[in-house]
Amino acid sequence: MKDFQVDTSMCVHCGLCLPSCPTYQVTGSESESPRGRVVLLDAVREALSSGRTPDPTAWGALDHCLDCRACEAVCPAHVPVGHAVEELRGLVPGRPSLLLNAAALGSPSGVRRFRRWVRVATRPGVRRILRAGTSLPAPWGPMLSLAGGAPTSQSAPSQEACRESGEGLGVTVRFFWGCVMEGLYARTNRRSAELLRRLGYVVQMEDAPLCCGALARHQGDPEGARRWARSIIARFEESGAAFFVTNAAGCGAAFKEYGAWFREDPEWAERARAFAGRVRDLLELVDLKRLPVPRRTAPDPVTVHDACHLVHAQGIRDPVRAILQRVGIPVVEMVEADLCCGSAGIYNLSHPEMARALRDRKVGGIPPGVTRVVTSNPGCLLQIQSGLRERGLLVDAVHWVDVVYDALWSGKGEDRAALG
Ligand code: SF4
Ligand code: SF4
């Protein structure tokens, strides 16, 4: 057992975690709960330690874990169930590899390829063709369903146009644009940088297409994930910036865990810990500042979906609501705001049935009268948008930055001047 770094032996089987677990909520099955997974983890680890192939049923129940961290946030003994399952991924023989992660995001050129693919896939004519294929088997059908829900209005500027830095006397921050955010929500990235600048920060932008490594780690490739991490840490160290900032909850959670990723690496452990201490979600920086007076007086109310890797992994829940209300946007709470939407990295491609059940439950929790679901992670945006579209609801899934930016500045011609 000593080969496994993540310790779950402190579980006292109290069951306090059960109501927070999305897969338990859907199935009602003990083996699909965090407590059940602790027991199954022991069995699977035992098999792997003695060179046997784990029981596929036991591994299947573990593999259904979304790594959403909801159980970890409520567990009185701090049992890291999601981390333990993540550690096993890649060690279990016979796991199917998923093309998206390996082929599309395994290198800087892979990230560029992914962005080009997204730009083609989100053209209206191509989108119509893709929608016709959504009944294909996984991962293709679910992938096409997600692509059909991707935004068309957020064209990605060229790499050259992305290079910019702020001026002023404020704190210097380095903004990470991310592979999926920049591929699908490039305008939100530009607005995020502009929001920081207008609040007095000096903003550096990454000058290369980088991935935080979370997708690789989620799919059982920790060394691939660490390759990305080393590159990001080294660039940050050279930058001289005070903080490393992201607007994507999944990336932020990964960055803040870099210390644990390099625990066994004497050369990188301290550098990774220092870097992790400098990471901030964009919400944390914006929440510290005074915001301008909003332009509109009676905007439509919105509801908030708490991304798992923001609320459970980083413990950030209130700032998005506080910021929205400070710019005059009424917030109406949805049912189970912090329950996973089923996106979870590429879980919606690898486990489409559970992902769909969670997505439909999420969409069903939207209160009447709201026209936008606000969140802070590109995977959640895509997942919820695909559910809204399939139900034919006149509701949009939007990043909180876009809601705040529209409330403060949209329509004044400032988009063109500021965002290129
Ligand atoms: S994981 Fe934590 S909350 Fe869940 S049963 Fe074990 S000790 Fe209790
Ligand atoms: S990480 Fe999420 S899905 Fe996995 S056991 Fe915990 S609550 Fe359930």
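Residues numbered from 1 in each chain as written. Chains lettered and ligands numbered in written order. Predicted model: local features only at pLDDT ≥ 70, side-chain atom pairs only at ≥ 80, totals over all residues. Heavy atoms only, no water.

**Remarks on the confidence of the model for the protein chain**
Condition: Known as pLDDT, the predictor's confidence for each residue is given on a scale from 0 to 100. Contact between two residues is taken to exist if any of their heavy atoms lie within 4.5 Å; hydrogens are not considered.
When the pLDDT values of the protein chain are averaged, the result is 85; 80% of them are 70 or greater. Counting interchain partners and residues more than four positions distant, the pLDDT-below-50 stretch residues 157–164 has 19 contacts. Under a pLDDT of 50 for its full length, residues 416–420 has, in the predicted model, 9 contacts with residues more than four places off or in other chains.

**Some points on the pairing of strand β6 (residues 372–375)**
Rule in force here: Each residue is placed in one exposure class: buried if its accessible area under a 1.4 Å probe, protein chains only, is under 20% of its type's maximum, exposed if it is over 50%, and partly exposed if it falls in between. Working definition: helices are DSSP H or I runs of at least four residues, strands are E runs of at least two. Numbering for both runs from the N terminus. Two strands form a pair only when DSSP identifies at least two bridges running between them. Whether a crossover is right-handed depends on one test, that the path from the first strand over the helix to the second runs clockwise when the strands point away from the viewer.
The alternating pattern of β6 places Arg372 and Val374 and Val373 and Thr375 on opposite faces, both of which are buried. Pairing between strand β5 (residues 302–304) and β6: 3 bridges, direction parallel. Bridged to Thr303 within β6 is Val373. Once the chain exits β6 it traverses helix α23 (residues 378–391) before rejoining the sheet at strand β7 (residues 396–399), and the crossover so formed is right-handed.

**What about helix α14 (residues 222–239)?**
Here is the rule: Here the expected length of a helix is defined as 1.5 Å per residue gap, with one fewer gap than residues.
End to end, α14 covers 26 Å across 18 residues, agreeing with the expected 26 Å (1.5 Å per residue, within 8%). Three or more residues of α14 are buried, namely Gly224, Ala225, Trp228, Ala229, Ile232, Ile233, Phe236 and Ser239. Gly240 lies just past α14 and shows a positive phi near 80°.

**Some details on the pattern of salt bridges**
To be explicit about the condition: Salt bridge criterion: a side-chain nitrogen from Lys or Arg within 4 Å of a carboxyl oxygen from Asp or Glu.
Counting across every chain of the model gives 28 salt bridges. Across the pair Arg69 and Glu86 runs a salt bridge whose closest N-O atoms are separated by 3.7 Å. Residue Arg69 is found in the loop between α3 (56–63) and α4 (70–74), and its partner Glu86 is found in helix α5 (residues 81–88); the two are separated by 17 residues along the sequence. By the burial criterion, Arg69 is buried, and Glu86 matches it. Glu390 is the salt-bridge partner of Arg359, the closest N and O atoms lying 3.0 Å from each other. Separated by 31 residues along the polypeptide, Arg359 in helix α22 (residues 352–364) and Glu390 in helix α23 bring together distant segments of the chain. What makes Arg359 buried here is its relative accessible area of 6%. Glu390 gets classed as partly exposed once you look at its relative accessible area, which sits at 39%. Three or more residues joined by partner-sharing salt bridges are found here, namely Asp67, Arg69, Glu86, Arg217 and Glu257.

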